[in-house]
Amino acid sequence: MSDLIRPEKVTFTSGGTKLVGNLYRPPTAAAAPAPAVVVTGTWTSVKEQMAARYAAGLAAAGYTALAFDFSGSGESDGTPRDWENPAGKVAEIAVAADFLRSLPGVDADRIGGLGVCAGAGYTAVASARGAGFRSQAMIAPWLHNAEVLAGLYGGSEVVAGLIARGEAAAEKYRQTGEVDYVPTASAEDERSPMYGSFDYYLDSSRGAVPQWPNRFAVLSWADWLTFDPIAVAPEVTVPTLLVHSRDAAIPEGVDRFHAGLTAPNELHWLTGGQFDFYDGEPTVTAALDLAAAHFGRTL
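Note that the structure is predicted; figures quoted are calculated from it, not measured. Every chain is numbered on its own, with residues counted from 1 as its sequence reads. Given that the model is predicted, a residue must reach a pLDDT of at least 70 before its local features are reported, and side-chain atom pairs must reach 80 or more before they are shown or counted; all residues, however, enter totals for whole chains, interfaces and linings. As a convention, hydrogens and water are excluded, and side-chain values are obtained from all of the structure's heavy atoms.

Q: Report on the overall build of the protein, specifying residues and quantitative values.
A: Helix and strand definitions here come from DSSP, where helices need a minimum of 4 consecutive H or I residues and strands a minimum of 2 consecutive E residues; each element is numbered from the N-terminal end. Tallying secondary structure elements over the protein gives 10 helices and 12 strands in all. Within these notes, the globule rule equals 2.2 Å times the number of residues to the 0.38 power, and the radius of gyration is based on C-alpha atoms. Computed over C-alpha atoms, the radius of gyration of the protein comes to 18 Å, within 12% of the 19 Å expected from 2.2 N^0.38 for 299 residues, which places it in the range of a compact globule. Only protein chains enter the accessibility calculation, which uses a 1.4 Å probe. A residue is then buried if its area is under 20% of the maximum for its type, exposed if over 50%, and partly exposed in between. The buried share among the 299 residues of the protein stands at 55%. Long-range contacts, defined here as pairs at least 24 residues apart, represent 72% of the contacts in the protein between residues at least 6 apart. Contact between two residues is taken to exist if any of their heavy atoms lie within 4.5 Å; hydrogens are not considered.

Right, dumping it as structure tokens:
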């Protein structure tokens, strides 16, 4: 990757809340307004994690790319902090797309979206609900519905219990302003939504960056577990790239989403686990090459 690519700190607002992003521009300025891409990462992530890797990679390929912190996370304002709020994130992706349209040197008619893991589901819903993307890429997408979740969590009763826990925490927040938290990733705390060997998030040389607090608001469960990105597949109208692995997270969700797509699309199965798509090589470069080529054809 070019040493000339340095992120530029930018701010914009969503519903009166200040959001903070890093803007990555190509090392050589284009002669005419050029396409740009909104890049989003996994659930609970901040802009310095996998979103930064993909945004910088797209900039090296000639695209202006924006990675940003959603409301309540990282450097952005907003409360409650560290709330996984799918509806809010979908809305803020559309706001980020509008921000890119406002920038000099960006072609307002050629805006794309790239999402990694949960960010892919958020991007797909934003695309289907009016973000104005001309094209989208979904990398190692985490895509679920109620049936998929029941299989993942050990049954619909377990899912219902987690939803109830989230609803109780949300009511406590409404009544007292207090937020219940657990570690997002932990090898010791069984309450963690990522309990076990989640090396990417626990290794300071990888995803455990200082900007990421490893903190999950328990009230998130109700919002996260009732979110259904698979259902929007028939509503997607823009060219869509899906890149995943059979050894990564819930490939069944990709199959279901892909089966529902009617828009032009490509599905590529690579090798590697879920975390390989965040920072592993050659997986990240392979995914980036596919994304850059896809945007080259469709933006």
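There's plenty left to go through after this.
Q: Can you tell me about the layout of surface pockets, naming the residues and giving the values?
A: Residues are called lining when one of their atoms sits within 4 Å of a cavity or pocket point, these points coming from a 1 Å grid over the protein atoms alone, where a cavity is a set in which a 1.4 Å probe fits but cannot get out and a pocket is an open set with protein on both sides within 12 Å along at least five of seven lines. Grid points are joined across faces, edges and corners, and a volume is the space filled by probe spheres set on the points. Considering only enclosed or pocket space, the largest pocket measures out at about 340 Å³ in volume. What lines the largest pocket is a set of 15 residues, and nearest its centre among them are Trp43, Trp142, Pro193, Met194 and Phe198. In this count, Pro and Cys sit with the nonpolar residues alongside Ala, Val, Leu, Ile, Met, Phe, Trp and Tyr, while Asp, Glu, Lys and Arg are called charged and the others, Gly among them, polar. Its residues assigned to classes, the lining of the largest pocket comprises 14 nonpolar, 1 polar and no charged. Taken as a whole, the second largest pocket encloses approximately 190 Å³ of empty space. For the second largest pocket, the full set of lining residues is Arg25, Pro26, Thr28, Ala29, Ala30, Ala32, Pro33, Ala34, Pro35, Gly62, Thr64 and Gly105. Class assignment for the residues of the lining of the second largest pocket results in 7 nonpolar, 4 polar and 1 charged.

Q: Can you tell me about unusual backbone geometry, naming the residues and giving the values?
A: Each neighbour pair has its own omega, and for Thr79 with Pro80 the value is -5°, a cis peptide bond. Position of Pro80 relative to the elements: it lies in the loop between β4 (64-68) and α2 (86-101). Going from Glu281 to Pro282, the amide bond is cis rather than trans, its omega being 10°. Although it is not a glycine, Cys117 sits at a positive phi angle of roughly 55°. Note on Cys117: relative accessible area 5%, which makes it buried.

Q: Which residues make up the packing of helix α4 (residues 146-153) against helix α5 (residues 156-176), and what are the values?
A: Put simply, α4 and α5 touch, their axes get as near as 7 Å, and they point 95° apart. In terms of orientation, α4 lies roughly perpendicular with respect to α5. Facing α4, whose interface residues are Leu149, Ala150 and Tyr153, α5 presents Ser156, Val158, Val159 and Leu162. Taken together, the residues that form the contact of α4 with α5 break down as 6 nonpolar, 1 polar and no charged. All axes are obtained by fitting lines to C-alpha atoms, using only the stretch in contact for helices, and the reported angles, taken between N-to-C directions, cover 0 to 180 degrees. Throughout, the term roughly parallel applies to angles under 35 degrees, roughly antiparallel to angles over 145, roughly perpendicular to angles from 65 to 115, and oblique to all others.

Q: Account for empty space enclosed by the protein, naming residues and giving values.
A: Using the criterion set out here, one finds 2 cavities of 30 Å³ or more in the structure. Within this model, the largest cavity holds a volume of roughly 90 Å³. Forming the boundary of the largest cavity are Thr44, Ser45, Ser71, Ser73, Asp82, Trp83, Glu84, Lys89, Trp212, Pro213 and Arg215. For the lining of the largest cavity, the class distribution of residues is 3 nonpolar, 4 polar and 4 charged. Roughly 60 Å³ of internal volume is contained in the second largest cavity. What lines the second largest cavity is Val39, Thr40, Gly41, Thr42, Ser45, Val46, Lys47, Ala51, Phe68, Phe70 and Lys89.

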